[in-house]
Amino acid sequence: GAGVSQSPRYKVAKRGQDVALRCDPISGHVSLFWYQQALGQGPEFLTYFQNEAQLDKSGLPSDRFFAERPEGSVSTLKIQRTQQEDSAVYLCASSSWGGDSNQPQHFGDGTRLSIL
Amino acid sequence: DQQVKQNSPSLSVQEGRISILNCDYTNSMFDYFLWYKKYPAEGPTFLISISSIKDKNEDGRFTVFLNKSAKHLSLHIVPSQPGDSAVYFCAASDVHYGGSQGNLIFGKGTKLSVKP
């Protein structure tokens, strides 16, 4: 498809389990972002990739969160030893290379993660 | 402290009239502003953006106004249609990664209801 694709759409896990969320960005988009959105809030930044390089991971809430983009296209967000506060919608966004101009980020439909 | 604020959680407008959604920000380093529209169970959809060097940007029924001195932006929708009913998020960015726009800071959103 033409847009950002995320899978799974819904994920239920027991506390303590590890989960992996996938993002397939728009073809050719250099930049890829992960955001976390809690209920009733706006998305909050987690981490940023430029091609395969993770340039900013300042938003990752703990060392249980890990993201990768090994070939500069598909990205995976992994959460180890999940806790109830990890329950949220995880959004992936991609944008093209803008040079001197600003380029908007385009979002996928997200993965709704529920930790029991 | 929130850097991007949308002080109205909800707004109700009659079909055909103007909808005005407001957003305030505190970080004077923000130089790129965007509006996203979000339907339930979907990701945010990019609507319109504005660079800090401009004070107005128009795209069809949507116009964004930026008042840098007041650190305020607004989204005008004219005429409003029932299909515009959604949550609208204001977002801002001040980080550039070698030409690509950096991570976005979002407000909490305003739920717009357009009544037929």
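Just so it is clear, the structure is predicted and the values come from calculations on it, not from any experiment.

(A) Spatial organisation of the overall build of chain B. In terms of helices and strands, chain B carries 0 helices and 13 strands. Going residue by residue from the N terminus, the α and β elements of chain B occur as β-β-β-β-β-β-β-β-β-β-β-β-β. For chain B, whose C-alpha radius of gyration is 14 Å, the value lies close to the compact-globule estimate of 13 Å for 116 residues. Over its C-alpha atoms, taken along the principal directions, chain B stretches across nearly 45 × 30 × 25 Å. Scored against the burial criterion, the 116 residues of chain B give a buried share of 47%. When contacts within chain B are restricted to residue pairs at least 6 apart in sequence, long-range pairs at least 24 apart make up 54% of them. Accessible area of chain B: about 5400 Å², with a carbon and sulfur share of 50%. A gap of 5 Å separates the mean positions of the 12 positive and 10 negative side-chain charges of chain B.

(B) Spotlight on the state of the cysteines. By the definition in use, this model includes 2 disulfides over all chains. Covalent S-S linkage joins Cys23 of chain A and Cys92 of chain A, the inter-sulfur distance amounting to 1.9 Å. Disulfide Cys23 of chain A to Cys92 of chain A: torsion about the S-S bond roughly -65°, handedness left-handed. Here Cys92 of chain A lies in strand E9 (residues 88–95) and Cys23 of chain A lies in strand E3 (residues 19–24), a separation of 69 residues in the sequence. Residue Cys23 of chain A shares its accessibility class with Cys92 of chain A, and that shared class is buried. With its sulfur 2.0 Å from that of its partner, Cys23 of chain B forms a disulfide with Cys90 of chain B.

(C) Geometry of the interface of chain B and chain A. Contacts between chain B and chain A engage 24 residues on the former and 30 residues on the latter. Overall, the association of chain B and chain A removes approximately 1900 Å² of surface from exposure, summing both partners, and the carbon and sulfur fraction of that is 54%. The tally of links between chain B and chain A comes to 0 salt bridges. On inspection of chain B and its partner chain A, the count reaches 4 residue pairs in polar contact (both at pLDDT 80 or more). Elements with a contribution of two residues or more to the side of chain B that touches chain A: strand E4 (32–38), strand E5 (45–51), strand E10 (96–97) and strand E11 (100–101) of chain B. Here the element with the most residues in the side of chain B that touches chain A is E4 of chain B; it accounts for 4 residues. The residue inventory of the side of chain B that touches chain A, partitioned by class, reads 10 nonpolar, 10 polar and 4 charged.

(D) The pattern of salt bridges, seen in detail. Residues and elements named next belong to chain A. By the definition in use, this model includes 4 salt bridges over all chains. Put simply, Asp24 and Arg22 hold a salt bridge, and the shortest N to O gap is 3.7 Å. By relative accessible area, Asp24 is classed as partly exposed at 30%. Judged by relative accessible area, which is 40%, Arg22 ranks as partly exposed.

(E) Here's a closer look at the nonpolar core. All names here are of chain B. Judged by nonpolar contacts, the single largest core of 23 residues is most densely connected at Phe33, Trp35, Leu73, Leu75 and Tyr88. Sorting the residues of this core by element identifies strand E3 (19–25), E4, E5, strand E7 (62–67), strand E8 (72–77), strand E9 (86–93) and strand E13 (110–115) as the ones contributing at least two each. Looking at this core, the element that brings in the most residues is E9, giving 4 residues. Not counting residues within four places of it along the chain, the set of residues in contact with Leu73 comprises Leu21, Asn22, Cys23, Tyr25, Phe33, Trp35, Val64, Phe65, Leu66 and Cys90.

(F) Just the sheet that holds E7 of chain B, in detail. Residue and element names in this part refer to chain B. The 5 strands lie next to each other as E1-E3-E8-E7-E6, forming an open sheet whose pairing is antiparallel. Bordering the open sheet on either side are strand E1 (4–5) and strand E6 (56–59), each of which pairs with just one other strand. Examined bridge by bridge, E6 and E7 share 4 bridges and lie antiparallel to one another. Opposite Glu58, over in E7, you have Thr63 as the bridge partner.

Reading the values: the criteria
Residues numbered from 1 in each chain as written. Chains lettered and ligands numbered in written order. Predicted model: local features only at pLDDT ≥ 70, side-chain atom pairs only at ≥ 80, totals over all residues. Heavy atoms only, no water. Helix = DSSP H or I, 4+ residues; strand = E, 2+ residues; numbered from the N terminus. Rg over C-alpha atoms; globule rule 2.2 N^0.38 Å. Buried < 20%, exposed > 50% of the residue type's maximum accessible area, 1.4 Å probe, protein only. Contact = heavy atoms within 4.5 Å. Areas by Shrake-Rupley, 256 points an atom, 1.4 Å probe, with all protein chains shown as cover. Lys, Arg positive; Asp, Glu negative; His and termini not counted. Charge placed at Lys NZ, Arg CZ, Asp CG, Glu CD. Disulfide = S-S within 2.5 Å. Buried area = accessible area lost by both parts, 1.4 Å probe. Salt bridge = Lys/Arg side-chain N within 4 Å of Asp/Glu carboxyl O. Polar contact = N/O pair within 3.5 Å; in protein donor to acceptor, adjacent residues only side chain to side chain. Nonpolar A, V, L, I, M, F, W, Y, C, P; charged D, E, K, R; others polar. Core = buried A, V, L, I, M, F, W, Y, C linked by side-chain atoms within 4.5 Å. Pairing = 2+ DSSP bridges.

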